[in-house]
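Read off the chains here:
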Amino acid sequence: DLHIPAFKVADLSLAEFGRQEIDLAEHEMPGLMALRREYADTAPLRGARISGSLHMTVQTAVLIETLVALGAEVRWASCNIFSTQDHAAAAVAVGPAGTEHEPRGVPVFAWKGESLREYWWCTQQALSWPGGGPDLIVDDGGDATSLLHRGVECERAGTVPPPSAADSEEEAVVRELLARSLEMSPGRWQEAVRSVRGVSEETTTGVLRLYDMEREGGLLFPAINVNDSVTKSKFDNRYGVRHSLIDGINRATDVLIGGKTAVVCGYGDVGKGCAESLRGQGAKVTVTEIDPICALQAAMDGYPVATLEEMLPSADLVVTATGNRDIIRAEHMALMKHQAVVGNIGHFDNEIDMAGLSAFPGIRRTRVKPQVDLWTFPDGHAIIVLSEGRLLNLGNATGHPSFVMSTSFANQVIAQIELFTGAQKYPVGVHRLPKHLDERVARLHLDALGVHLTELDQRQADYIGVPVEGPYKPEHYRY
Ligand code: NAI
């Protein structure tokens, strides 16, 4: 258990291909590259040990190497069993100066198609530093933060809660890991957490978990909610998904989207991107919502709003984007059309009841190819489930493209610098980056798109009550 391997990826011989794609991505990630230039001399992350749990893609490789360029030591795992791009993982492990035979990069623990046990082992490796824990965490969905907190909880209680029949397979795996570390290296999680100055969290679902922990008084270190920077959730969640949703559906099925009936569950930031993307392909898109405001937005945007039950007889394609559980259940899937495509783009796989589907009496599963399964019901009709209910844009395709990830990851880098150098500004709790930094991230991306900003003159600035150099909006402004 105490043995810490150097790294673990699928295939180091993919490193050269990975490096080529990283080089291409750098050009498309002007925000990250501007931060590298700006901090080349001061290296504000010098001495920081950063543990990351975030989809190990080409774009994430540029993030990792930016953190390294700013002085950090980094260890990394993916935050999903299917989302790693093996060539990106290999290139990061080899590093720009290394070779396949002499890797000199960052310890990465990630490959596409991990088992749940391997996944949690990788997360644990990313958090394990010689002699202790990380100074900083980059998290996406909160698994790294949750493992640290649960480890500490178990050590304080001196025991791991006993397994119950209601546990998911994943919960059983985590408990087994915790029980083993309690036995093999008692106190390791409390030791690890002592050095942590904070976590920056990437996504809606992870942020929800952080606010829960804060409310219950269990949060052990400061957290920055990166998701709710405007330049994250109003860009990545929306425009990123607008690109990568249909990419996932196309690579998985190549089914024509035009003319089909598509249902998008949830009309938040991600749902808005999904609906626009499917409509762009000519689908007839219907939205489901629980929130009257988002339902009204969908209606005003021209989408019918209905319940999933109403749509089952006609839907050719159903996508969940709610961040909520049990959205598509087995009884829904049993009523869908033959070869209806079912996928989730929310963070966790509990949006689609996969356990219920596999337990459906008489059901048969046929693997068409990795991350594409045909589930045939006893009456002979079948549905196509993408990525076993896990986020399909990363499971069936390669996630969001570089440019939009540059806006997200510029926020991540700034958040890491803030947590490392400005501890007094961020006591234990969940924080957002100040608006001037949000505007700075946007600014870093304007030149590349040929945007010419209009400048306020002093009279105008005084008239609307803002400084000439910003911030331009009050906190309550919603964009
Ligand atoms: P959001 O909170 O803006 O939107 C979710 C929407 O779903 C809300 O409007 C909510 O009212 C609605 N909803 C909740 N329960 C529902 C139900 N039972 N039926 C219908 N609608 C329901 O959240 P956001 O930012 O859109 O994120 C959604 C999920 O996507 C999260 O899990 C987030 O972490 C994840 N995400 C995934 C990305 C990807 O690349 N796959 C990128 C960004 C976020």
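Criteria and cut-off values
Counting starts from 1 at the beginning of each chain's written sequence and moves along it residue by residue. Given that the model is predicted, a residue must reach a pLDDT of at least 70 before its local features are reported, and side-chain atom pairs must reach 80 or more before they are shown or counted; all residues, however, enter totals for whole chains, interfaces and linings. Side-chain metrics rest on all non-hydrogen atoms present in the structure, leaving aside hydrogens and water. Secondary structure is summarised from DSSP: a helix means a run of H or I of at least four residues, a strand means a run of E of at least two, and numbering begins at the N terminus for each. Restricting the calculation to C-alpha atoms gives the radius of gyration, and the globule rule supplies 2.2 Å times the number of residues raised to the power 0.38. Per-residue accessibility, obtained with a 1.4 Å probe over protein chains only, is compared with the maximum for each type, and a residue is labelled buried under 20%, exposed over 50%, and partly exposed between these values. For accessible areas, the Shrake-Rupley method is used with a probe of radius 1.4 Å. Any residue's cover is judged against the shown protein chains and nothing else. Charged residues are defined narrowly, with Lys and Arg counted positive, Asp and Glu counted negative, and His plus the chain ends left uncounted. The atoms used to mark charge sites are NZ of Lys, CZ of Arg, CG of Asp and CD of Glu. One bridge is not enough; two strands pair if DSSP finds at least two bridges between them. Between two residues, a contact is recorded if the distance between any of their heavy atoms is within 4.5 Å. Each axis is a line fitted through C-alpha atoms, taken for helices only over the stretch in contact, and angles between the N-to-C directions span 0 to 180 degrees. UniProt positions are given in the numbering used here, feature names are shortened, and annotations may be inferred rather than shown by experiment. Two aromatic rings from Phe, Tyr or Trp, using only the six-membered ring of Trp, form a pair when their centres are within 6.5 Å; if the ring planes differ by under 30 degrees the pair is stacked, by over 60 it is edge-to-face, and anything between is tilted. Placement of a positive charge over a ring is assigned whenever Lys NZ or Arg CZ falls within 6 Å of the ring centre and within 35 degrees of the normal to the ring plane. Throughout this document, a residue counts as near a molecule or strand when at least one of its heavy atoms sits within 4 Å of that molecule or strand. Counting of polar contacts relies on pairs of N or O atoms within 3.5 Å, with two restrictions inside protein: one atom must be capable of donating a hydrogen and the other of accepting it, and residues adjacent in sequence are counted only when both atoms are side-chain atoms. Every case where a carboxyl oxygen of Asp or Glu lies within 4 Å of a side-chain nitrogen of Lys or Arg is listed as a salt bridge. Residues enter patches when they are more than 30% accessible in relative terms and free of salt bridges; like-charged ones are connected within 9 Å and nonpolar ones (Val, Leu, Ile, Met, Phe, Trp, Tyr) within 5 Å. An angle counts as roughly parallel when it lies under 35 degrees, as roughly antiparallel when it exceeds 145, as roughly perpendicular when it falls between 65 and 115, and as oblique in every other case. Here is the rule for handedness: rotate from the far helix to the near one, and if that takes an anticlockwise turn smaller than a right angle the crossing is left-handed, while a clockwise turn gives right-handed. Basically, the charged four are Asp, Glu, Lys and Arg, the nonpolar ten are Ala, Val, Leu, Ile, Met, Phe, Trp, Tyr, Cys and Pro, and anything else, Gly included, counts as polar.

Draft legend 1. Geometry of the overall build of the chain. From N to C terminus, the chain includes 20 helices and 14 strands. A compact globule built from 479 residues would reach a C-alpha radius of gyration of about 23 Å, and the chain, at 23 Å, matches this within 12%. Taken along its principal axes, the extent of the C-alpha atoms in the chain is 70 × 65 × 45 Å. Among the 479 residues that make up the chain, the fraction classed as buried is 56%. Only carbon and sulfur atoms are counted for the fraction: they give 53% of the accessible area of the chain, which is about 20800 Å². Separation between the mean location of the 44 positive side-chain charges and that of the 63 negative ones in the chain comes to 1 Å.

Draft legend 2. Local environment of the sheet that holds strand S1 (residues 49-53). A sheet is described by the order of its strands in space; here seven strands give the open sequence S3-S2-S1-S4-S5-S6-S14, paired in parallel fashion. Of all the strands in the sheet, just strand S3 (108-109) and strand S14 (430-431) have a single pairing partner and so form its edges. Sheet strands in contact with helix H6 (residues 143-157) are S1, strand S4 (136-139) and strand S5 (198-201), and its direction is about 130 degrees off that of S4.

Draft legend 3. Geometry of the UniProt feature "binding site: substrate" (unreviewed entry) in the chain. Under the local residue numbering, the UniProt record ascribes the feature "binding site: substrate" (unreviewed entry) to Thr57, Asp140, Glu202, Lys232 and Asp236. With respect to the helices, strands and loops of the structure, Asp140 is situated in the loop between S4 and H6. When sequence neighbours within four positions are dropped, the list of residues in contact with Asp140 reads Ser53, Leu54, His55, Cys79, Glu201, Glu202, Thr203 and His347. Tracing the sequence through the fold places Lys232 in helix H10 (residues 230-233). For Lys232, a relative accessible area of 2% puts it in the buried group. Lys232 has contacts with Glu202, Thr203, Val226, Asn227, Asn237, Ser408 and Asn411, leaving out every residue within four places of it along the chain.

Draft legend 4. Structural detail: the sheet that holds strand S8 (residues 284-288). Spatial strand order, S8-S7-S9-S10-S13-S12-S11: seven strands in an open sheet with mixed pairing. Of all the strands in the sheet, the pair left with one neighbour each is S8 and strand S11 (364-369). The mean angle between the axes of side-by-side strands here comes to 20 degrees, regardless of whether they run parallel or antiparallel. Two strands pair when backbone bridges link them, and strand S7 (residues 261-265) and S8 are joined in this way by five bridges, in the parallel orientation. Its bridge partner being in S8, Cys265 is matched across the sheet by Thr288. Docked against the sheet, helix H11 (residues 236-253) engages strand S9 (317-320), strand S10 (340-344), S11, strand S12 (372-376) and strand S13 (382-386), running at close to 125 degrees with respect to S13.

Draft legend 5. View of the packing of aromatic side chains. This model, assessed by the stated rule, comprises six aromatic pairs. Ring geometry for Phe109 versus Trp121: centroids 5.9 Å apart, planes at 80 degrees, classification edge-to-face. With Phe109 in strand S3 and Trp121 in helix H5 (residues 116-127), the pair connects residues that are 12 residues apart, well separated along the chain. Judged by its relative accessible area of 0%, Phe109 falls in the buried class. Given the relative accessible area of 26%, Trp121 is considered partly exposed. Over the ring of Trp111 we find Lys8, and its NZ or CZ is 5.1 Å from the ring centre. For the cation-ring pair, Arg279 lies above Tyr303, with the distance from its terminal atom to the ring centre recorded as 4.0 Å.

Draft legend 6. Fine view of the site of the ligand. With respect to spatial proximity, 25 residues lie near the ligand, and among them Thr203, Thr204, Thr205, Glu289 and Ile345 are the closest. Between the ligand and Val270 there is a distance of 2.8 Å, counted from an oxygen atom to a backbone nitrogen or oxygen. A distance of 3.4 Å separates an oxygen atom of the ligand from a polar side-chain atom of His400. For the ligand, the accessible surface in isolation is 860 Å², of which the surrounding protein chains cover 84%. Sorting the residues of the shell around the ligand by element identifies helix H9 (204-215), H11 and helix H12 (269-280) as the ones contributing at least two each.

Draft legend 7. Here's a closer look at the pattern of salt bridges. One pass over the structure, following the stated rule, counts 26 salt bridges. The closest approach of N and O atoms between Glu38 and Arg440, which form a salt bridge, is 2.9 Å. Taken together, the residues Glu38 in helix H2 (residues 30-38) and Arg440 in helix H19 (residues 435-443) connect sequence positions 402 residues apart. When its relative accessible area of 44% is taken as the criterion, Glu38 is described as partly exposed. Here Lys234 ties to Asp269 by a salt bridge, and the two come within 3.0 Å at their closest N and O atoms. Here Asp269 lies in helix H12 and Lys234 lies in the loop between H10 and H11, a separation of 35 residues in the sequence.

Draft legend 8. Geometry of a nonpolar patch on the surface. Judged by side-chain polarity, Leu449, Val451 and Leu453 come together as a nonpolar surface patch covering roughly 280 Å² of accessible area. Mapping Leu449 onto the fold places it in the loop between H19 and helix H20 (458-464). Since its relative accessible area comes to 57%, Leu449 is described here as exposed.

Draft legend 9. Here's a closer look at the environment of Cys154. You can see Cys154 is positioned in helix H6. Residue Cys154 is classed as buried on the basis of its relative accessible area of 5%. For Cys154, the residues in contact, after removing those within four places along its chain, are Thr159, Val160, Pro161, Leu178 and Leu182.

Draft legend 10. How the structure looks around the side chain of Arg19. Along the chain, Arg19 falls in helix H1 (residues 15-27). Residue contacts for Arg19: discarding those within four places in its chain leaves Glu65, Ala91, Val92, Gly95 and Pro96.

Draft legend 11. View of the packing of H11 against H12. Closest axis-to-axis distance for the H11/H12 pair is 7 Å, and the angle between their directions is 50 degrees. Viewed along their axes, H11 and H12 adopt a mutual orientation that is oblique. Here H11 and H12 pass one another in a crossing that is right-handed. Side by side, H11 and H12 meet where Asn237, Arg238, Val241, Arg242, Leu245, Ile246 and Ile249 of the first sit next to Asp269, Val270, Lys272, Gly273, Cys274, Glu276, Ser277 and Leu278 of the second. Of the residues that constitute the contact of H11 with H12, the class distribution is seven nonpolar, three polar and five charged.

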